[in-house]
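Residue-level structure breakdown
Each chain, letter by letter, is given below.
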Amino acid sequence: MIDQRLQALLMANKQKFMIPASLVATVNQSNSLDHAFLLLTKNRYAKIIVVDNKNHYCGQISLAMITEKMLGTATVNTDCLSQLVVGDVMQTDAPVVTDPEDIETNLHLLIDQSFLPVIDHDRNFIGIVTRRELLKAVNYMVHNF
Ligand code: AMP
């Protein structure tokens, strides 16, 4: 349980906790790994959100998940990039949240995750809460207590 005075400071900029879906780079689950590889490399994000054609949240994909598929016993083989799609290699068990302002849950989960997808009850993708935004709230709290 967070002390109420600290909670109030943490929540001072709660509207900034979530980056809305419209500003988040995503990839479609049916896209080839070629496309995901290029996107991840160009935008320099470690991991990005995977959605379906109706913008439902499906999972997350990282460069490491892709390069893992490229590793043979002694060589690196890029053929798989055109043969597999994002849905074949994405991670589906990462935690998600429905309330971006639930600071207690966010703090707990962002210890191990660099961002949390925010979804609604129909699994529509709404946005992400990032470690960076939460750290800004913590920074504000420790300087204004
Ligand atoms: P940050 O805490 O800002 O470093 O973000 C943590 C992670 O969240 C990044 O490494 C990305 O995987 C993801 N991320 C942050 N902002 C975006 C964005 N605008 N679009 C897609 N992914 C993002």
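Scroll up to find the structure.
Below is a summary of the structure that appears in this document. (Residues numbered from 1 in each chain as written. Predicted model: local features only at pLDDT ≥ 70, side-chain atom pairs only at ≥ 80, totals over all residues. Heavy atoms only, no water.)

**Looking at the overall build of the chain**
Going by this rule: The secondary structure listing takes helices from DSSP runs of H or I that are at least 4 residues long and strands from runs of E that are at least 2 residues long, numbered from the N terminus. Pairs of residues are marked as contacts when any of their non-hydrogen atoms sit within 4.5 Å. Each accessible area is a Shrake-Rupley result for a 1.4 Å probe, and residues are judged covered by the shown protein chains and nothing else. Here the positive residues are Lys and Arg and the negative ones are Asp and Glu; neither His nor the chain ends is included. The atoms used to mark charge sites are NZ of Lys, CZ of Arg, CG of Asp and CD of Glu.
For the chain, the helix and strand inventory stands at seven helices and six strands. Shown N-terminal to C-terminal, the secondary structure of the chain runs as helices and strands in the order α-β-β-α-β-β-α-α-α-α-β-β-α. Overall size of the chain, expressed as C-alpha extent along the three principal axes, is 55 × 35 × 25 Å. The contacts of the chain with a sequence gap of at least 6 include a subset with a gap of at least 24, amounting to 56%. For the chain, the exposed area adds up to about 8800 Å²; of that, 52% sits on carbon and sulfur atoms. In the chain, the 12 positive side-chain charges and the 15 negative ones have mean positions that sit 8 Å from each other.

**Quick word on the pairing of strand E6 (residues 125-130)**
So the rule is basically this: Accessibility here uses a 1.4 Å probe with only protein chains present; expressed as a share of the type maximum, an area under 20% marks a residue as buried, one over 50% as exposed, and anything in between as partly exposed. For two strands to be treated as a pair, DSSP must find no fewer than two bridges joining them.
For E6, a buried count of five out of six residues is recorded, marking the element as mostly surrounded by other parts of the structure. As paired elements, strand E1 (residues 18-20) and E6 share three bridges and run antiparallel to each other. In the strand pairing of E6, Ile19 is matched with Ile128. Two elements, strand E5 (residues 115-119) and E6, share five bridges in a ladder whose sense is antiparallel. By the bridge assignment for E6, Pro117 is matched with Ile128. In textbook terms, the turn of a hairpin is the stretch between consecutive antiparallel strands, and for E5 and E6 this stretch comprises five residues, one of which, Arg123, has a positive phi near 65°.

**Describing the site of the ligand**
Stated formally: A cutoff of 4 Å decides nearness: a residue is near a molecule or strand if any of its heavy atoms lies inside that distance of it. Any pair of nitrogen or oxygen atoms within 3.5 Å is treated as a polar contact; in protein, a donor-acceptor pairing is required on top of that, and neighbouring residues in sequence qualify only through side-chain atoms on both sides.
Within the structure, the ligand sits among 13 residues, and Leu23, Ala25, Lys47, Phe115 and Arg132 are positioned closest to it. For the ligand, a nitrogen atom lies 2.9 Å from a polar atom in the backbone of Ala25. Contact distances for the ligand include 3.3 Å between a nitrogen atom and a side-chain N or O atom of Tyr45. Here the ligand has 480 Å² of accessible area as a free molecule, and 79% of this is covered by the chains.

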